[in-house]
Amino acid sequence: MPTVELPAGRIHYREHGDGPPVVLLHGLLMNHTVWDSVIDLLPTGFRYVLPDLPLGAHPEPLRPGTDLSMRGLNQLVADFLTALDLTDVTLVHSDWGGALFLTAYGLDKRVGRLIVLPCEAFDNFPPGLPGKTAILASILPGGVTLALRQLRIRRLRSNPLLFGWMAKFPLPDDLVHGWTEPGLRDPGVRADVLAYMRSGYDKPTLIANTEALQHFPGEALILWSSAGKVMPREHGRRLAALIPHARLVEIDDAYVLSMIDQPAAVAAAVTEFLTTTAARPSER
């Protein structure tokens, strides 16, 4: 698995194909494998880059003292694009909505287009019942380890407090085992995700940073799920109305992880967007 050195530490990533870059992000306690059902269905002629963000399922911890607040993670994403010299990037968001704030922080110079699957937005940080569980786990001693172990038990992770409302259909054991292994193995990985979860959430700031997307000049696809329980359906519509050059497509019979619930429908919508729109030239 390739790696790249950033000021924050070493980031692991996967990549497929050649052409204009498409960077696919993921959510809390997940990694790049969340896209496994979709990646081979996407069109050729693009370079697909899938980093493992320090959100609890990354292979190795970052440097001690790294800023893993919302601002720090946005800087990390921007540094990742810079380190790989990616320009005119199509940035794909899922579950973790923090990187929507690149525009608010003035860090989106390399981003030309957005694809936004159901993710945190506006004041929905951390989102819904799983978000409340995550915050509780970050407060209780050993809470993250306990949560990771519970996620490995199918009947427990199907509870709405865990992943029950994240995916409409059961998540495969091997997929979730891959997500939970790094955190169970390495206390440094747990420390990274705790640093983010304990960094605080100011709702007025979260809303203002989301609304800064009204200044994003590129094309955007809001690829939301119609059956939203964790990420409200209305948020997809609000994002589509907020971003000047956005279009809304809703995926039926799916929850947050629509790329797992409905991979063919997600791939079709992404393909249509990638092949019929152009990324705005990045500012270098």
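Above: the structure in question.
About the cut-offs
- Residues numbered from 1 in each chain as written.
- Predicted model: local features only at pLDDT ≥ 70, side-chain atom pairs only at ≥ 80, totals over all residues.
- Heavy atoms only, no water.
- Helix = DSSP H or I, 4+ residues; strand = E, 2+ residues; numbered from the N terminus.
- Buried < 20%, exposed > 50% of the residue type's maximum accessible area, 1.4 Å probe, protein only.
- Lys, Arg positive; Asp, Glu negative; His and termini not counted.
- Salt bridge = Lys/Arg side-chain N within 4 Å of Asp/Glu carboxyl O.
- Polar contact = N/O pair within 3.5 Å; in protein donor to acceptor, adjacent residues only side chain to side chain.
- Contact = heavy atoms within 4.5 Å.
- Pairing = 2+ DSSP bridges.
- Right-handed = clockwise from strand over helix to strand, strands pointing away.
- Axes fitted to C-alpha atoms, helices over the stretch in contact; angles between N-to-C directions.
- Parallel < 35°, antiparallel > 145°, perpendicular 65-115°, else oblique.
- Left-handed = near helix turned anticlockwise from the far one by under 90°.
- Arc of directions from axis to C-beta.
- Phe/Tyr/Trp six-rings, centres within 6.5 Å; stacked < 30°, edge-to-face > 60°.
- Nonpolar A, V, L, I, M, F, W, Y, C, P; charged D, E, K, R; others polar.
- Core = buried A, V, L, I, M, F, W, Y, C linked by side-chain atoms within 4.5 Å.

Colleague: Can you help me understand the side chain of Asp261 in this one?
Modeller: By the secondary structure assignment, Asp261 is in helix α10 (residues 258-261). One buried charge, Asp261, has no salt-bridge partner; the nearest side chain with opposite charge is Lys168, at 7.7 Å. Polar side-chain contacts of Asp261 include one of 2.9 Å to the backbone nitrogen of Lys168. Among all residues touching Asp261, those that are not within four sequence positions of it are Met166, Ala167, Lys168, Phe169, Asp253, Ala254 and Tyr255.

Colleague: Hey, could you run me through the pairing of strand β8 (residues 245-251) in this one?
Modeller: Consecutive side chains along a regular strand alternate between the two faces of the sheet. Bridge count between strand β7 (residues 219-225) and β8: 7 bridges; the pairing is parallel. From the neighbouring strand, Leu223 faces β8, where its bridge partner is Val249. Chirality of the crossover, the property in question, places the unit of β7, helix α9 (residues 233-242) and β8 among those that are right-handed.

Colleague: Would you explain the packing of helix α4 (residues 143-151) against helix α6 (residues 173-185) in this entry?
Modeller: Relative orientation of the contacting elements α4 and α6 amounts to 155 degrees, with a least axis distance of 9 Å. In terms of their interaxial angle, α4 and α6 are classed as roughly antiparallel. In this structure, α4 meets α6 at a crossing whose hand is left-handed. Only Val176, Thr180, Gly183 and Leu184 of α6 make contact with α4, whose side of the interface consists of Thr145, Leu148, Arg149 and Leu151.

Colleague: What is the right way to look at the pattern of salt bridges in this model?
Modeller: Side-chain pairs of opposite charge can arise where the charged atoms are in close proximity. Per the stated rule, a full pass over the model turns up 13 salt bridges. Note that Arg10 and Glu5 form a salt bridge whose closest N and O atoms lie 3.0 Å from each other. In this structure, a network of salt bridges that share partners links the residues Glu5, Arg10, Glu60 and Arg63.

Colleague: How do you make sense of α9 when you look at a structure like this?
Modeller: Every buried residue of α9 is listed here: His235, Gly236, Leu239, Ala240 and Leu242. Mapping the buried residues of α9 onto a view down its axis gives an arc of 165 degrees, with all of them on the same face. Each element contacted by the buried residues of α9 is listed here: β6 (111-119), α8 (203-211), β7 and β8.

Colleague: Sorry if this is basic, but what is going on with the packing of aromatic side chains here?
Modeller: Given two aromatic rings, their pairing is described by the distance between the two centres and the angle made by the two planes. Under the defined criterion, the tally for this structure stands at 7 aromatic pairs. The interplanar angle of 85 degrees and the centroid separation of 6.4 Å between the aromatic rings of Trp96 and Tyr196 together place this pair among those described as edge-to-face. With Trp96 in the loop between β5 (89-95) and β6 and Tyr196 in helix α7 (residues 187-197), the pair connects residues that are 100 residues apart, well separated along the chain. Tyr196 matches Trp96 in its accessibility class, with the two residues each being buried. Ring plane angle 80 degrees and centroid distance 6.4 Å describe the contact between Phe101 and Tyr105, whose orientation is recorded as edge-to-face. A connected cluster of aromatic rings, assembled from ring pairs, spans Trp96, Tyr196 and Tyr201.

Colleague: How should the sheet that holds β8 be read in this particular structure?
Modeller: What holds strands together in a sheet is hydrogen bonding between their backbones, with the strands either parallel or antiparallel. Strand order across the open sheet formed by 8 strands is β1-β2-β4-β3-β5-β6-β7-β8, with mixed pairing between neighbours. Since the sheet does not close on itself, it has two edges, and those belong to β1 (3-6) and β8, each with one partner. Strand-to-strand twist in this sheet, taken as the mean axis angle between neighbours without regard to direction, amounts to 20 degrees. In this sheet, β7 lies alongside β6 in parallel orientation, the contact comprising 4 bridges. The residue bridging Arg113 from the neighbouring strand is Glu219, located in β7. The sheet strands contacting α9 are β6, β7 and β8, and the helix crosses β7 at an angle near 170 degrees.

Colleague: Would you take a moment to explain the packing of α6 against α7 for this structure?
Modeller: Geometry of a packed helix pair, given as the angle between the helix axes and the separation of the axes. One can describe the packing of α6 onto α7 by two numbers: an axis separation of 5 Å at closest approach and a directional angle of 105 degrees. Here α6 is positioned roughly perpendicular relative to α7, judged by the angle of their axes. In this structure, α6 uses Pro182, Gly183, Leu184 and Arg185 to contact α7, whose residues at the interface are Pro187, Val189 and Arg190. Its residues assigned to classes, the contact of α6 with α7 shows 4 nonpolar, 1 polar and 2 charged.

Colleague: Would you explain the nonpolar core in this entry?
Modeller: Across soluble globular proteins, nonpolar side chains have a tendency to be buried as a group. Core analysis: the biggest nonpolar cluster contains 94 residues, and Trp179 and Leu257 have the highest contact counts within it. Of all the elements, helix α2 (residues 70-83) adds the most residues to this core, at 7 residues. Excluding residues that lie within four positions of it along the chain, Trp179 makes contacts with Leu29, Met30, Asn31, Thr33, Val34, Gly56, Ala57, Phe163, Leu171, Leu257 and Ile260.

Colleague: Help me out: how do you make sense of the environment of Arg157 in this one?
Modeller: Among the secondary structure elements, Arg157 is positioned in helix α5 (residues 154-157). On the basis of relative accessibility, which here comes to 3%, the residue Arg157 falls in the buried class. C-alpha separation for the pair Arg157 and Thr44, spaced 113 residues apart in sequence, amounts to 35 Å. Arg157 has contacts with Gln150, Leu151, Arg152, Leu162, Phe163, Gly164, Leu171, Pro172, Asp173 and Val176, leaving out every residue within four places of it along the chain. Polar side-chain contacts of Arg157 include one of 2.9 Å to the backbone oxygen of Leu151.

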